[in-house]
Amino acid sequence: MLIAVAAFSLMDTAMKFLSAHYPAMQVTAMRALSSLPLVCTYLAWRGAFRHVLKVRWSLHILRGVLGVVMLTSFAFGLRLLSLAEAYSIFFIAPTLITALSVFILKEKVDAARWCAIAVGLGGVLVVLRPNSDDFFSIGGLAVLAAAACYAASAIAGRVLSRTDASESIVFWLMVMMALGGVALSAHQWVAIRAEDWWMLAGLAVSGFIGQLAMTEAFRMGKASSVAPFEYSALAWGMGLDWLLWRTLPDEYTLLGAAIIIASGVYLVRREAVHVESEHP
């Protein structure tokens, strides 16, 4: 999981650089298009292409739409926020997944976990600068929208995993994000600069390694033990912000991130206890 987080942090850094020169929707298209060759190679190596048409199309299309909105919103937010600020807000995603699971998957969430969800949302408000002129900034709201789309996509992914192969889920998400991103950005497509091709290559490799490492992490270890390491992204965000842009998060960002992380870790641990009590 630490390798996955490091890879995704480098991927997000490339997206932040690209979002300064290209429309957010085009960045989404480039992210998906750059990853497709590696994803196809992986599926061919796994012999998984025979399964790609045996899928639940409605949910794959839904995840494709959510993926386009998520990446576009996140790329737009990265243009305006530091990595640490964006990550601090995006950390609310696990909390939103828990809340959505009640309404969509009909899972039971006790009062203690609802309190943790409320605390996590309060942490987001802290990061979004209470009592300041730019409260609910456009960049912050964009990242919050990305987190909401990610949570909804994760719930759809849980449903899909009951019937569809994991390789098919990854493949169709990339394909649909590529098609949607290209279609929606074609009218304002900006020619890719020669000096950015190496960054696109890094975007593809880091995203692919991150996905494989995360999949392997959850395969080898319990979610309750592995998931909290996702929050190491904040350290990567702060380090990359300082190294590349000489910026550091302020006290509101750090306080809000601490609240959100504490809420998220509690939810993961509480879920593990709940599962063990049901299946001793």
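Scroll up to find the structure this text is about.
Sequence order as written defines residue numbering, which begins from 1 separately in each chain. Given that this is a predicted model, residues contribute local features only at a pLDDT of at least 70 and side-chain atom pairs are listed and counted only at 80 or more, while totals for whole chains, interfaces and linings are drawn from all residues. The basis for every side-chain value is the complete set of heavy atoms in the structure, and neither hydrogens nor water enter the calculation.

## Brief notes about helix 5 (residues 93-104)
Starting at the N terminus, helices and strands are each numbered in turn, a helix being any DSSP run of H or I of at least four residues and a strand any DSSP run of E of at least two. Helices are assigned an expected span. That span is 1.5 Å times one less than the residue count. Under the 1.5 Å per step criterion, the end-to-end length of helix 5 is 16 Å for 12 residues, consistent within 8% with the ideal 16 Å. A simple rule labels every residue: compare its accessible area, found with a 1.4 Å probe on the protein chains alone, to the largest value its type can have, and call it buried under 20%, exposed over 50%, or partly exposed in between. If you check which residues of helix 5 are buried, you get Ala93, Thr95, Leu96, Ile97, Thr98, Ala99, Ser101 and Val102. At the exit of helix 5 stands Lys106, carrying a positive phi of roughly 60 degrees.

## Comments concerning helix 4 (residues 83-90)
With 8 of its 8 residues buried, helix 4 lies for the most part within the structure. Among all positions of helix 4, only Leu83, Ala84, Glu85, Ala86, Tyr87, Ser88, Ile89 and Phe90 are buried.

## Observations regarding the pattern of salt bridges
Any Lys or Arg side-chain nitrogen located within 4 Å of an Asp or Glu carboxyl oxygen qualifies as a salt bridge. On inspection of all chains with the given rule, the structure shows 4 salt bridges. Asp110 is the partner of Arg113 in a salt bridge, and the nearest nitrogen-oxygen pair spans 3.5 Å. Using a relative accessible area of 27% as the deciding quantity, one classes Asp110 as partly exposed. Between Asp196 and Arg193 there is a salt bridge, and its shortest N-O distance comes to 2.9 Å. Sharing partners across several salt bridges, the network here consists of Arg193, Glu195 and Asp196.

## So, the layout of surface pockets
Reported here for the second largest pocket is a volume of approximately 170 Å³. Those elements giving two or more residues to the lining of the second largest pocket turn out to be helix 1 (2-19) and helix 9 (197-220). Nonpolar residues are Ala, Val, Leu, Ile, Met, Phe, Trp, Tyr, Cys and Pro. Charged residues are Asp, Glu, Lys and Arg, and all others, Gly as well, are polar. Grouping the constituent residues of the lining of the second largest pocket by class yields 8 nonpolar, 3 polar and no charged. Of the two site types, the cavity is a set of points on a 1 Å grid over the protein atoms alone where a 1.4 Å probe fits but cannot get out, and the pocket is an open set with protein on both sides within 12 Å along at least five of seven lines, each lined by residues with an atom within 4 Å of a point. Grid points are joined across faces, edges and corners, and a volume is the space filled by probe spheres set on the points.

## Section: a nonpolar patch on the surface
Taken together, Leu53, Trp57, Ile61, Val65 and Val69 make up a surface patch of nonpolar side chains, about 460 Å² in accessible area. Among the secondary structure elements, Trp57 is positioned in helix 3 (residues 57-80). A relative accessible area of 35% places Trp57 in the partly exposed class. Here the term patch refers to residues with relative accessible area over 30% and no salt bridge, with like charges joined within 9 Å and nonpolar side chains (Val, Leu, Ile, Met, Phe, Trp, Tyr) within 5 Å. Exposure was quantified through the Shrake-Rupley algorithm and a 1.4 Å probe, taking into account, for residues, occlusion by the shown protein chains and nothing else.

## Comments concerning unusual backbone geometry
The backbone phi angle of Arg246 is positive, close to 55 degrees, even though this residue is not glycine. Among the structural elements, Arg246 can be located in the loop between helix 11 (233-245) and helix 12 (251-278). A residue is classified by how much of its surface remains accessible, and Arg246, at 53% relative accessible area, is exposed.

## Let's talk about the nonpolar core
Here, nonpolar core means buried Ala, Val, Leu, Ile, Met, Phe, Trp, Tyr and Cys residues that are tied together by side-chain atoms lying within 4.5 Å of each other. One finds Met15, Leu18, Phe74 and Phe91 to be the most contacted residues of the largest nonpolar core, which totals 75 residues. It is helix 8 (residues 166-185) that provides the largest number of residues to this core, a total of 9 residues. Excluding anything up to four places from it in sequence, Phe91 contacts Glu230, Tyr231, Ala233, Leu234, Ile260 and Ile261. We call two residues contacting when some pair of their heavy atoms lies within 4.5 Å.

## Focus: the packing of helix 3 against helix 7 (residues 138-160)
Each axis is a line fitted through C-alpha atoms, taken for helices only over the stretch in contact, and angles between the N-to-C directions span 0 to 180 degrees. Following both chains from N to C, one finds helix 3 and helix 7 inclined at 155 degrees, their axes separated by 8 Å at the closest point. With respect to helix 7, the axis of helix 3 lies roughly antiparallel. Seen along the crossing, helix 3 lies across helix 7 with a hand that is left-handed. Split into classes, the residues belonging to the contact of helix 3 with helix 7 amount to 18 nonpolar, 6 polar and 1 charged. Geometric relationships in this document are graded by angle, where less than 35 degrees denotes roughly parallel, more than 145 denotes roughly antiparallel, 65 to 115 denotes roughly perpendicular, and other angles denote oblique. In a left-handed crossing the near helix is turned counterclockwise from the far helix by less than a right angle, and in a right-handed crossing that turn is clockwise.

## Points about the packing of aromatic side chains
Pairing of aromatic side chains here covers Phe, Tyr and the six-membered ring of Trp, requires ring centres within 6.5 Å, and sorts the geometry by plane angle: under 30 degrees stacked, over 60 edge-to-face, intermediate tilted. Tallying each qualifying case throughout the model produces 10 aromatic pairs. Look at Tyr42 and Phe208: their rings are 6.0 Å apart centre to centre, the planes differ by 75 degrees, and that puts the pair in the edge-to-face class. One end of the pair, Tyr42, is in helix 2 (residues 24-46); the other, Phe208, is in helix 9, and 166 residues separate them in sequence. Taking relative accessible area as the criterion, Phe208 reaches 19% and is therefore assigned buried. Among the aromatic residues, ring-to-ring pairing joins Phe49, Trp57, Phe171 and Trp172 into one connected group.

## Digging into the side chain of Thr13
One can find Thr13 in helix 1. Judged by relative accessible area, Thr13 falls into the buried class, the value being 7%. At a separation of 2.9 Å, a polar atom in the side chain of Thr13 contacts the main-chain carbonyl oxygen of Ser9. Once you skip the residues sitting within four places of it in the chain, Thr13 turns out to touch Leu83, Leu240, Leu244 and Trp245. By the criterion applied in these results, polar contacts are pairs of N or O atoms within 3.5 Å in which, for protein atoms, one can donate a hydrogen and the other can accept it, and in which residues neighboring in sequence qualify only through two side-chain atoms.

## Description of the environment of Ile117
In this structure, Ile117 sits in helix 6 (residues 111-127). In this structure the C-alpha to C-alpha distance between Ile117 and Ser263, which are 146 residues apart in sequence, comes to 6.8 Å. Aside from chain neighbours lying at most four places away, what touches Ile117 is Thr95, Thr98, Ala99, Ser263 and Leu267.

## Re the packing of helix 2 against helix 9
At a minimum axis distance of 8 Å, the contact between helix 2 and helix 9 shows a crossing angle of 55 degrees. Comparing their axes, helix 9 and helix 2 come out oblique. Crossing of helix 2 over helix 9 shows right-handed handedness. Contact with helix 2, carried on its side by Met30, Arg31, Ser34, Ser35, Leu38, Val39 and Tyr42, involves Leu200, Leu203, Ala204, Val205, Gly207, Phe208 and Leu212 of helix 9 and no other residues of that element. Among the residues making up the contact of helix 2 with helix 9, the classes are represented as 10 nonpolar, 3 polar and 1 charged.

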